Amino acid sequence: MASVRGAHGFQLAAVGAPLQPCQLPALEPAPEEVIIQVAGCGVCHTDVGYAFDGVPTRHALPLILGHEISGKIVAAGENSREWLGQSVIVPAVIPCGQCPACRQGRETICRQQFMPGNDGDGGFATHVRVPSRGLCPVPEPLPSGLTLEMLSVVADAVTTPYEAMRRAELGPDDVAVVVGAGGVGGFGVQIAVALGAAVVAIDIDRERLDLAARHGAGLALDSSAADLKGLKTAIRTFSKNSGRKGIGLKIFEMSGTPAGQATAFGLLDYGAYLAVVGFTPKSVDLRLSNLMAFDATARGNWGCPPKEYPAALKLVLDGKIALGPYIKTHPLEEAPAVLAAVARHSVRRRAILRPNTAS
Ligand SMILES: [Zn+2]
Ligand SMILES: [Zn+2]
């Protein structure tokens, strides 16, 4: 008996309305699918975009949101049996593996991709049905201090900055500037440190900056206390003293705010590289010609290819990325209030929803 009955979750019925509790129909996996008992599902600003800002989901509403999922496979389709009982992280973007983009190594722009909570019901639920391709196995037992629910943030908040830094070829020669040291940027700082870069963290929140400094940022700058010129001067001095040979800063925008994006772009200098990691539906006013004048590069990434997940997960399992100080777990039943709080930017840590299920 492969189907799962009695699953429930919280769905978005209309933009701007609070999430509503809902019962799921019996979940039956197709041959290439599995049913996951959700251990944890992180709450992302992309969810806020869908719920409150009118960013359209690709699947029509009502829809269960949530694309940052970890859990255990409790049912598997006939071609996915080997996954049964395995604990996994579900990539936020699951490519088809067949199309021209996938075959050319550009899986993140696959047009047949499946994103839970966007192309179908997601992880703000006790169970979720997803394709089995691309799942990231979690080796058990986990190191002490880590739980499967905590690892949900690897699905997006860890792997998206990881992929941005991998594409930037960030390494020991580089100075990395992470703008926004919150939910995603807190992990970004640690990934940059793990890759050997000298790291500058910029935020408007003293507590986040202290945390970044404790986790390896060599310079923590409060952008509410300095203008762009002040930030540039401090970064230039830090870069010089760091002795790194790389030409040009590698700047990672992780705040997902117009102010953070303006700061990140404003820091461009000769040969700089700018990666846009944070998401906001709002626009900013920029002089795009600075890219040309500085011979600079700007790039974005829509998530992370599944094949890179094990390497990102390893950084967490090896203790190079601390999750504990950056996350907070809430019961799934609090989903409507938690999503609203994330929308108000009144949540200090990445929120994880945990269904109240045994085992
Ligand atoms: Zn996300
Ligand atoms: Zn594809």
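Note that this is a predicted model, so its numbers are computed, not measured.

## Let's talk about the overall build of the protein chain
Thought 1: A tally of regular secondary structure across the protein chain gives 10 helices and 16 strands.
Thought 2: Relative to the compact-globule value of 21 Å for 359 residues, the protein chain shows a C-alpha radius of gyration of 20 Å, a close match.
Thought 3: With the C-alpha coordinates aligned to their principal axes, the bounding extent of the protein chain is approximately 65 × 40 × 40 Å.
Thought 4: Long-range pairs, those at least 24 residues apart, make up 70% of the contacts in the protein chain between residues at least 6 apart in sequence.

## Here we look at the pattern of salt bridges
Thought 1: Summed over the entire model, instances satisfying the criterion amount to 17 salt bridges.
Thought 2: Taking the shortest distance from any N to any O, the salt bridge between D119 and R58 comes out at 2.7 Å. Placement of the pair is D119 in the loop between α2 (100-103) and β7 (127-131) and R58 in the loop between α1 (45-52) and β4 (63-64), with a sequence separation of 61 residues.
Thought 3: Among the residues examined, R58 registers a relative accessible area of 43% and is labelled partly exposed.
Thought 4: Here R354 makes a salt bridge to E149, at a shortest N to O gap of 3.1 Å.

## Let's talk about the packing of helix α3 (residues 159-167) against helix α4 (residues 185-194)
Thought 1: Where α3 meets α4, the closest approach of the two axes is 9 Å, and the angle between their N-to-C directions is 40°. Taken as axis vectors, α3 and α4 run oblique relative to one another. In terms of crossing hand, the pair formed by α3 and α4 is right-handed. Between α3 and α4, the contacting residues are P161, Y162 and M165 on the first element and G188, I191 and A192 on the second.
Thought 2: For the contact of α3 with α4, the per-class residue count stands at 5 nonpolar, 1 polar and no charged.

## Structural notes on the coordination of the zinc ion (ligand 1)
Thought 1: The coordination sphere of the zinc ion (ligand 1), as far as protein atoms go, consists of C44 (SG), H67 (NE2) and D156 (OD), spread over 1.7 to 2.2 Å.
Thought 2: Site description for the zinc ion (ligand 1): donor spacing in sequence, C-x22-H-x88-D. Residue C44 is located in the loop between β3 (33-42) and α1, and its partner H67 is located in the loop between β4 and β5 (68-76); the two are separated by 23 residues in the primary sequence.
Thought 3: Take C44: its relative accessible area is 8%, and that puts it in the buried class.
Thought 4: With relative accessibility at 2%, the residue H67 sits in the buried group.

## Here's the deal with the coordination of the zinc ion (ligand 2)
Thought 1: At this site the zinc ion (ligand 2) is bound by C96 (SG), C99 (SG), C102 (SG) and C110 (SG), with donor distances of 2.3 to 2.4 Å.
Thought 2: Coordination at the zinc ion (ligand 2) is tetrahedral, judged from the 4 donor atoms that bind it and the angles of 103 to 115° they form at the metal.

## Here we look at the sheet that holds strand β2 (residues 20-23)
Sheet strands pair via backbone hydrogen bonds, and the direction of the pair is either parallel or antiparallel.
Thought 1: Here we have 3 strands laid out as an open sheet, ordered β2-β1-β4, and antiparallel in their pairing. The open sheet terminates on both sides in strands that have one partner only, identified here as β2 and β4.
Thought 2: Direction of pairing for strand β1 (residues 8-12) relative to β2: antiparallel, over a ladder of 4 bridges. Residue pairing in the sheet places H8 in a bridge with Q23 of β2.

Analysis parameters
- Sequence order as written defines the numbering, with residues in each chain counted from 1.
- Going through the entries in the order they are written, you letter the chains from A and number the ligands from 1.
- Local features in a predicted model are, by the rule used here, given only for residues with pLDDT of at least 70; side-chain atom pairs are given and counted only at 80 or more, and totals for whole chains, interfaces and linings are based on all residues.
- Values reported for side chains reflect all heavy atoms of the structure, with hydrogen atoms and water molecules removed beforehand.
- Counting from the N terminus, the helices are DSSP H or I runs at least four residues long and the strands are E runs at least two residues long.
- Each radius of gyration reported is based on C-alpha atoms, and the globular scaling rule is 2.2 Å times the count of residues to the power 0.38.
- Here a residue-residue contact requires only that any non-hydrogen atoms of the pair lie within 4.5 Å.
- A pair is scored as a salt bridge if a Lys or Arg side-chain nitrogen falls within 4 Å of a carboxyl oxygen belonging to Asp or Glu.
- Burial classes follow relative accessibility: with a 1.4 Å probe on protein chains only, a residue under 20% of its type's maximum area counts as buried, one over 50% as exposed, and anything between as partly exposed.
- What counts as an axis is a line fitted to C-alpha atoms, over the stretch in contact for a helix, and the angles between N-to-C directions run from 0 to 180 degrees.
- Orientation categories follow fixed angle ranges, with anything under 35 degrees roughly parallel, anything over 145 roughly antiparallel, 65 to 115 roughly perpendicular, and all other angles oblique.
- Note: crossing handedness is left-handed where the near helix turns anticlockwise from the far helix by less than a right angle, and right-handed where it turns clockwise.
- Only Asp, Glu, Lys and Arg are considered charged in this grouping, and only Ala, Val, Leu, Ile, Met, Phe, Trp, Tyr, Cys and Pro are considered nonpolar; every other residue, Gly among them, is considered polar.
- In this analysis a donor is any N, O or S atom within 2.8 Å of a metal ion (3.2 Å for sodium, potassium and calcium), and since water is not included, sites may seem incomplete.
- Only two sets of limits are used to name each site, 85 to 135 degrees for every angle of a tetrahedral four-donor site, and over 155 degrees for opposite donors with all other angles from 65 to 115 for a square planar four-donor or octahedral six-donor site, with any other site named irregular.
- Criterion used throughout: strands pair if DSSP finds at least two bridges between them.

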